[in-house]
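Chain by chain, the residues:
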Amino acid sequence: MNASDSALLRLTSVAVGLRPYEDVSLTPDEWERLFTQASLHNVGALVCVALERSQSDIPLTIKLKFAALKQQTATRYAERRRLMVSLLSLWNSAGIETMLLKGFDTCRHYPDPTLRSFGDIDTYNLGRRKEADRLVADHFGVTISTSTHHHSKYTLSGILVENHYDFISRYGNRGNGRMDDLLKNEVGKDRTAYTLDGQHCLLPPPDFAALFLRHMAAHFAADRITVRHLVDWTLFCRDEEHNVDWSKIRTVADNFGFLPFAQALEEICRRHLGLTPHLGGCDAELANRVLNEILVGEFSVPEPPSSKPFRRLNFKWRRLVAGRWKHRLCYSAPWGIDLIYSLWAKILKPHTILH
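Here's a quick rundown of the structure.

Rules behind the numbers
Residues numbered from 1 in each chain as written. Predicted model: local features only at pLDDT ≥ 70, side-chain atom pairs only at ≥ 80, totals over all residues. Heavy atoms only, no water. Helix = DSSP H or I, 4+ residues; strand = E, 2+ residues; numbered from the N terminus. Rg over C-alpha atoms; globule rule 2.2 N^0.38 Å. Buried < 20%, exposed > 50% of the residue type's maximum accessible area, 1.4 Å probe, protein only. Contact = heavy atoms within 4.5 Å. Areas by Shrake-Rupley, 256 points an atom, 1.4 Å probe, with all protein chains shown as cover. Lys, Arg positive; Asp, Glu negative; His and termini not counted. Charge placed at Lys NZ, Arg CZ, Asp CG, Glu CD. Phe/Tyr/Trp six-rings, centres within 6.5 Å; stacked < 30°, edge-to-face > 60°. 1 Å grid on protein atoms, 1.4 Å probe; cavity = no way out; pocket = protein on both sides within 12 Å on 5 of 7 lines; lining within 4 Å. Points joined across faces, edges and corners; volume = space filled by probe spheres on them. Nonpolar A, V, L, I, M, F, W, Y, C, P; charged D, E, K, R; others polar. Pairing = 2+ DSSP bridges. Patch = residues over 30% accessible without salt bridge, like charges linked within 9 Å, V, L, I, M, F, W, Y side chains within 5 Å. Salt bridge = Lys/Arg side-chain N within 4 Å of Asp/Glu carboxyl O. Axes fitted to C-alpha atoms, helices over the stretch in contact; angles between N-to-C directions. Parallel < 35°, antiparallel > 145°, perpendicular 65-115°, else oblique. Arc of directions from axis to C-beta.

### Side note on the overall build of the protein
Next, step 1: Looking only at helices and strands, one finds 16 helices and six strands in the protein.
Next, step 2: What you see for the protein is a C-alpha radius of gyration of 21 Å, in line with the 20 Å of a compact globule of 355 residues.
Next, step 3: Dimensions along the principal axes, computed over C-alpha positions, put the protein at roughly 55 × 50 × 50 Å.
Next, step 4: By residue count, 51% of the 355 residues in the protein fall in the buried class.
Next, step 5: Taking contacts inside the protein between residues at least 6 apart in sequence as the whole, the part at least 24 apart equals 67%.
Next, step 6: Counting every atom, the protein has about 16100 Å² of accessible surface; 51% of that belongs to carbon and sulfur.
Next, step 7: The averaged location of the 40 negative side-chain charges in the protein is 6 Å from the averaged location of its 45 positive side-chain charges.

Below, the structure is given as structure tokens:
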């Protein structure tokens, strides 16, 4: 790990209160790389918070870039919050309950929720998704897309909303249907009432949130995850440590094949963010490889645009083959079996072939 990547992890952990501040010393080129990496990993606003305390000789252009990114992140959060409150008001007026997923659920674990970067809004209407979507279509005059396997989607004020009827795609990998059933069972056991600017909503129970780690594993197996995911997991575990049945989580992760990924993730978070692991130990060499994949990526070929379909298909196939080692960490089925499931998922939604 180079100096700028090491500084990225150290400064991010400082910003969210996971370790005391210590100055970093970087060359001008390393400062540029730090900014680039912080932006790519969705933690630029957090790094800015840490650098505001720095006594280091930081280039002025870098300071200005980080300050602008911090302001942009806070502005984007405020825009998404206003839209979320508007949607909750609409649904609450019709008696439709809504659970906040992903960004709005996770950001509450951050010291400053406005600095947790996220793009989409993710919601779940507890079985009344179609009715909720009709209200949105009528009220805002937008078209609701159902082209994705596990959620509908639409764009309001330039913000993508994903309204889930399944928590993960039930296609694409053997066992996904059973995993989605398990998540739906968990979310029905216990829910926490919450308010967002006076609007009633729900939060997922802690065991569900821990098991939703499967979603992160799927992203890692298919492509990459970011440093923000590491921070998300560490802050969730810090806040919900005593509310999660870790024995159950470990058993489920083992049964569904993503325990090796979870253990590697926790080892990385232990080393760099101060996490107390809950899911068992991990081989140091494997943890290093996973961290390198997160920070750099072994398959670093640029992705061709969808306007060049044959080159893009070739790229996607080469990436899929190169990621077989990641598949072994995240799924119980052999790679070849899941390849068949994945092809079937593409046939069901052909537009996803080039997605």
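Additional details are given in the paragraphs that follow.
### Quick notes on the packing of aromatic side chains
Next, step 1: One pass over the structure, following the stated rule, counts 14 aromatic pairs.
Next, step 2: For the pair W317 and W335, a centre-to-centre distance of 6.2 Å together with 55° between the ring planes defines the contact as tilted. With W317 in helix 14 (residues 309-322) and W335 in helix 16 (residues 335-348), the pair connects residues that are 18 residues apart, well separated along the chain.
Next, step 3: For W335, a relative accessible area of 21% translates into the label partly exposed.

### Focus on empty space enclosed by the protein
Next, step 1: Under the defined criterion, the tally for this structure stands at one cavity of 30 Å³ or more.
Next, step 2: Roughly 30 Å³ of internal volume is contained in the largest cavity.
Next, step 3: Around the largest cavity, the lining residues are T73, R76, Y77, R80, R116, S117 and F118.
Next, step 4: Among the residues forming the lining of the largest cavity, the class breakdown is two nonpolar, two polar and three charged.

### What to know about the pairing of strand 5 (residues 192-196)
In regular strands, side chains alternate between the two faces of the sheet.
Next, step 1: Relative to strand 6 (residues 199-203), strand 5 is paired through five bridges, and the arrangement is antiparallel. The residue bridging T192 from the neighbouring strand is L203, located in strand 6.
Next, step 2: Counted along the chain from strand 5 to the antiparallel partner strand 6, the turn is two residues long, and its residue D197 has a positive phi close to 50°.

### Digging into a nonpolar patch on the surface
Next, step 1: The grouping of Y171, W344, I347 and L348 at the surface amounts to a nonpolar patch, some 410 Å² of accessible area in total.
Next, step 2: The partly exposed category is assigned to W344, whose relative accessible area is 47%.

### Focus: the layout of surface pockets
Next, step 1: Here the second largest pocket is characterised by a volume of approximately 240 Å³.
Next, step 2: Listing elements by their share of the lining of the second largest pocket, those giving two or more residues are helix 14 and helix 15 (324-330).

### Let's talk about the packing of helix 12 (residues 259-273) against helix 13 (residues 284-295)
Next, step 1: Where helix 12 meets helix 13, the closest approach of the two axes is 9 Å, and the angle between their N-to-C directions is 85°. One finds that helix 12 runs roughly perpendicular with respect to helix 13. Two secondary-structure elements touch here, helix 12 through A264, E267, I268, R271 and H272 and helix 13 through A284, L286, A287, N288, V290, L291 and I294.
Next, step 2: Among the residues forming the contact of helix 12 with helix 13, the class breakdown is eight nonpolar, two polar and two charged.

### Topic: helix 11 (residues 246-256)
Next, step 1: Within the span of helix 11, buried status applies to W246, I249, V252, A253 and F256. Summarising the axial view, the buried residues of helix 11 lie within an arc of 125°, below the 170-degree limit, and thus occupy one face. The outward face of helix 11, more than 90 degrees from its buried face, is lined by the exposed residues S247 and N255.
Next, step 2: Contact partners of the buried residues in helix 11: helix 7 (176-187), helix 8 (206-211), helix 9 (213-222), helix 10 (227-240), helix 12 and helix 15.

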